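Topology and contacts: notes
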Amino acid sequence: MNSLTFNIDALFLSHRDSLIHTIFGIVGCPQTAEDLAHEAYLKMLHALENQEINYPRPFLYQIAKNLALDHLRKEHIRQRADHSVPTDADDDIVLLDSLPANTPTPEQQVADQQEVALMLAALEQLTERRRQILVLHKFHHWTYERIASYYGISRSAVEKNVHAALAHLLASQENHPLNRV
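Note that the structure is predicted; figures quoted are calculated from it, not measured.

Secondary structure assignment for the protein chain yields eight helices and zero strands. Secondary structure elements of the protein chain, listed N to C terminal, follow the sequence α-α-α-α-α-α-α-α. The buried share among the 181 residues of the protein chain stands at 27%. With an accessible surface of roughly 12,500 Å², the protein chain has 55% of that area assigned to carbon and sulfur atoms.

Right, dumping it as structure tokens:
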């Protein structure tokens, strides 16, 4: 076992409960949350074989959140396949009730608004340049090279700015009182 694996082991063990709590908040099942946390750890170990990870903690949480969202998508597809739509043409109300709603609930709207406000506040805390680099890369889909050329800095500096900005945004989300245990 090399020191990098040991550091990742220590990182996972020190954040395991928080990671499980984060995943549980998404999937709503404690067993699934534990399974996905373990899968996130394994995916991170695999990722370390192929790339350098400068911010391992946010990377681990992002893997976990992605796995949780993938799990929900798969569950949604399974549930839709399990529930067949009634075929009685005279019962329009039953058919309408079986259609999924495309508008969020009031609770979800408030939660979404709070999340957006939290993210905007975190973005405001970034330096102007770091915020611009993040926006150019993530929202305008500029390459690192194009951003580097635009600002007259190295590609590495652009990467570091993007990673630091993303780490800041993730940390602000995790440190928010509504997201704590």
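Once the structure has been displayed, the description carries forward.
Looking now at the nonpolar core. Core analysis: the biggest nonpolar cluster contains 23 residues, and Leu19, Ile23, Met44 and Leu60 have the highest contact counts within it. Those elements that provide at least two residues to this core are helix 1 (3–27), helix 2 (30–50) and helix 3 (56–82). In terms of residue count, helix 2 provides more of this core than any other element does, eight residues in total. Among all residues touching leucine 60, those that are not within four sequence positions of it are Leu11, Phe12, Leu19, Ala40, Tyr41 and Met44. Core analysis: the second largest hydrophobic core is formed by 14 residues, Leu126, Leu136, Ala165 and Leu169 among them.

A few words now on the packing of helix 6 (residues 128–138) against helix 7 (residues 144–151). Across the interface, helix 6 lies against helix 7 with an axial gap of 10 Å and an inter-helix angle of 145°. Our pair here, helix 6 against helix 7, has a crossing hand that is right-handed. Of the residues in helix 7, those in contact with Arg129, Gln132, Ile133, Leu136 and His137 of helix 6 are Tyr144, Ile147 and Tyr151.

Looking now at the pattern of salt bridges. Under the defined criterion, the tally for this structure stands at seven salt bridges. For glutamate 34, the salt bridge is made with arginine 16, and the minimal N-O distance between the two is 3.5 Å. Linking glutamate 34 in helix 2 with arginine 16 in helix 1, this pair joins segments that are 18 residues apart in sequence. Residue classification places arginine 16 among the partly exposed positions, given a relative accessible area of 30%. Of the charged contacts in the structure, one is a salt bridge between glutamate 145 and arginine 155, with a shortest N-O distance of 2.5 Å. Of the two residues, glutamate 145 sits in helix 7 while arginine 155 sits in helix 8 (residues 155–174), which places them 10 residues apart along the sequence. Judged by relative accessible area, which is 37%, arginine 155 ranks as partly exposed.

Packing of helix 6 against helix 8 brings their axes to within 9 Å, and their N-to-C directions diverge by 95°. On the basis of the axis angle, helix 6 is roughly perpendicular to helix 8. Taking contact as the criterion, the partners of Arg130, Ile133, Leu134, His137 and Lys138 in helix 6 are, on helix 8, Val158, Asn161, Val162, Ala164, Ala165, Leu166 and Leu169.

Moving on: unusual backbone geometry. We note that histidine 141 has phi near 60°; this positive angle belongs to a residue other than glycine. The topology assignment puts histidine 141 in the loop between helix 6 and helix 7. On the basis of relative accessible area, histidine 141 is assigned to the exposed category, the value being 64%.

With the rule as written, the count across this model stands at three aromatic pairs. Consider the rings of phenylalanine 12 and tyrosine 41, whose centres lie 4.8 Å apart with planes at 35°: the pair is tilted. Of this pair, phenylalanine 12 sits in helix 1 while tyrosine 41 sits in helix 2; the two residues are 29 residues apart in sequence, bridging distant segments of the chain. The pair formed by phenylalanine 12 and tyrosine 41 is uniform in burial state, with each residue classed as buried. For the pair tryptophan 142 and tyrosine 150, a centre-to-centre distance of 5.4 Å together with 85° between the ring planes defines the contact as edge-to-face. Members of the aromatic cluster, connected to one another through ring pairs, are Trp142, Tyr150 and Tyr151. Its guanidinium or amino end placed over the ring of tryptophan 142, arginine 146 lies 3.8 Å from that ring's centre, counting from NZ or CZ.

Parameters at a glance
The residue count restarts for each chain, going from 1 along the sequence in the order it is written. Whole-chain, interface and lining totals are the exception, using all residues; otherwise, since this is a predicted model, local features are given only for residues with pLDDT of at least 70 and side-chain atom pairs are given and counted only at 80 or more. Excluding hydrogens and water, the side-chain values take into account all heavy atoms of the structure. Numbering of helices and strands runs from the N terminus, with a helix taken as a DSSP run of H or I at least four residues long and a strand as a DSSP run of E at least two residues long. In this scheme, a residue with accessible area under 20% of its type's maximum is buried, one over 50% is exposed, and one in between is partly exposed, where area comes from a 1.4 Å probe on protein chains only. Using a 1.4 Å probe, the Shrake-Rupley method yields the accessible areas, and only the shown protein chains count as cover for residues. Here, nonpolar core means buried Ala, Val, Leu, Ile, Met, Phe, Trp, Tyr and Cys residues that are tied together by side-chain atoms lying within 4.5 Å of each other. Whether two residues touch is decided by their heavy atoms; if any such pair falls within 4.5 Å, the residues are in contact. Think of each axis as a best-fit line through the C-alpha atoms, taken over the contacting stretch in the case of a helix, with angles from 0 to 180 degrees between the N-to-C directions. Crossing handedness follows the turn of the near helix against the far one: under a right angle anticlockwise gives a left-handed crossing, and clockwise gives a right-handed one. Take a side-chain nitrogen of Lys or Arg and a carboxyl oxygen of Asp or Glu: if they are within 4 Å of each other, that pair is a salt bridge. Angle categories are assigned with fixed cut-offs, so that under 35 degrees is roughly parallel, over 145 is roughly antiparallel, 65 to 115 is roughly perpendicular, and the rest are oblique. Between rings of Phe, Tyr and Trp, where Trp is taken as its six-membered ring, a pair exists when centres lie within 6.5 Å; planes separated by under 30 degrees are stacked, by over 60 edge-to-face, and by other angles tilted. A ring is scored as having a charge over it whenever the NZ atom of a lysine or the CZ atom of an arginine sits within 6 Å of its centre and within 35 degrees of its normal.

Taken by themselves, the reported measurements are silent on function.
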